Amino acid sequence: MGLFRAKTEHATPLDGVDAVLADLDGVVYAGAHAIPRAVESLNLAKRDRAVGYITNNASRSDASVAGHLAELGLEVVPADVVTSPQAAMSLLAEQVAPGALVFVVGGEGITTELEKRGYRITRSADDAPEAVVQGFTPEIGWRELAEASFALTAGGQDGATPGIPWIATNMDWTIPVARGIAPGNGTLVSAVHTAVGRFPLVAGKPETPIFDEARRRFGAERPLMVGDRLDTDILGARRAGMLSALVLTGIDKAKQVLAAPESSRPDFILADLDGLHAPYPVTEEVRGGVTRVGTARVRLSGNRVEIVDDGGDRLDLLRAACAAIWGSGMGIHVLDVPARLYS
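Residues numbered from 1 in each chain as written. Predicted model: local features only at pLDDT ≥ 70, side-chain atom pairs only at ≥ 80, totals over all residues. Heavy atoms only, no water.

Caption draft 1: Here's a closer look at the pattern of salt bridges. Counted by the stated rule, this structure contains 17 salt bridges. The shortest N-O distance in the salt bridge between E306 and R299 comes to 2.9 Å. The exposure class assigned to E306 is buried, which follows from its relative accessible area of 17%. When the shortest N-O distance is used, the salt bridge between E306 and R304 registers 2.7 Å. One network of salt bridges, with partners in common, ties together D62, E113, K116 and R117. (Salt bridge = Lys/Arg side-chain N within 4 Å of Asp/Glu carboxyl O. Buried < 20%, exposed > 50% of the residue type's maximum accessible area, 1.4 Å probe, protein only.)

Spelled out as structure tokens, the structure:
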């Protein structure tokens with residue numbers, strides 16, 4: 001995958017795609033408000049294919065997420081939302097019998113999915129639960145993490161007893177909140193890991209269970225994942241064998257995409273979701289070792305990235321620079337990159 005995938009001159013990122021799978025924060029909305037043109041672009045995409053929403057957020061149910069999206073103007077029902085707790089249920093079903101007693105760290109997003117599937121729920125290690133499912137809510141504190149640790153080590157920590165299954169909805173180290181960046185579920189899972197000395201199974205991005213759930217849900221053979229983070233959305237899509245598009249409306253910007261490792265390089269780089277419907281320019285190698293996208297041209301001279309022609313579109317310049325850097329086989333740390341490519 002990557003920008004060297006064969007394209008035709010007038011193809012859009014949606015050509016041949018049977019489902020669009022969109023991340024939420026930084027793609028559909030930022031804070032309480034929809035990102036400009038996101039709602040219109042996704043509703044237009046839904047005319048010809050399935051549109052689903054994939055979120056690592058374990059604190060809300062699919063109905064709650066769908067309600068929020070509908071308020072923004074999206075054509076959506078709860079079944080269009082794929083959450084990390086739903087993906088965790090697929091993992092749980094492989095580990096315990098139906099109706100098992102499950103210790104929960106988390107809130108509505110997890111308990112709703114457990115109840116749908118007939119599992120019993122406890123918050124006490126003394127009840128001898130058969131599994132632990134851990135997700136994030138802002139109310140989680142030391143007592144909940146300690147209780148999870150007690151449940152996971154009830155059989156001892158001598159190495160001979162593997163302990164009950166432990167499933168984490170996701171391992172996002174941070175979450176954006178109104179006042180800034182705060183610790184996410186990965187930080188809290190790490191605290192339990194420190195106490196119990198083992199790792200959980202993980203359902204959410206960038207692991208594949210959540211992508212597998214989405215593919216099954218929409219019957220998709222050729223889905224396109226759209227996200228704003230290279231380390232979760234794009235890495236996860238590539239692990240799952242899906243096409244991917246990075247939109248520059250969220251976390252990762254030009255500087256991060258220029259430095260993206262091979263495992264996290266998107267097929268498409270878009271300014272916003274409107275780009276799903278626009279012809280995607282061809283990346284070409286022309287004389288003199290120059291990479292051209294549109295009228296933008298870039299080449300590598302030794303370890304220097306040289307802008308031959310800025311062209312008429314800053315996004316095409318970024319696409320050309322990414323193609324040149326990614327195709328060089330050299331790490332970004334050894335390259336001299338002009339600041340105007342990412343400033």
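Caption draft 2: Local environment of the sheet that holds strand 18 (residues 296–301). The strand order 16-17-18-19 describes an open sheet built from 4 strands, whose pairing is antiparallel. Sheet topology places strand 16 (283–286) and strand 19 (304–309) at the edges, where each strand pairs with a single neighbour. Each neighbouring strand pair of the sheet contributes to a mean axis angle of 30°, computed without reference to strand direction. Running over the sheet, helix 10 (residues 314–328) touches strand 16, strand 17 (290–293), strand 18 and strand 19 and is turned about 25° from strand 18. (Pairing = 2+ DSSP bridges. Helix = DSSP H or I, 4+ residues; strand = E, 2+ residues; numbered from the N terminus. Axes fitted to C-alpha atoms, helices over the stretch in contact; angles between N-to-C directions. Contact = heavy atoms within 4.5 Å.)

Caption draft 3: Here's a closer look at the packing of helix 5 (residues 142–152) against helix 6 (residues 185–196). Contact geometry of helix 5 with helix 6 gives a least axis separation of 9 Å together with a crossing angle of 45°. Here helix 6 runs oblique to helix 5, going by the angle between their axes. As for the relative orientation of helix 5 and helix 6, their crossing is right-handed in sense. Every residue of helix 6 that contacts helix 5 at L145, S149 and L152 is listed here: L188, A191, V192, A195 and V196. (Parallel < 35°, antiparallel > 145°, perpendicular 65-115°, else oblique. Left-handed = near helix turned anticlockwise from the far one by under 90°.)

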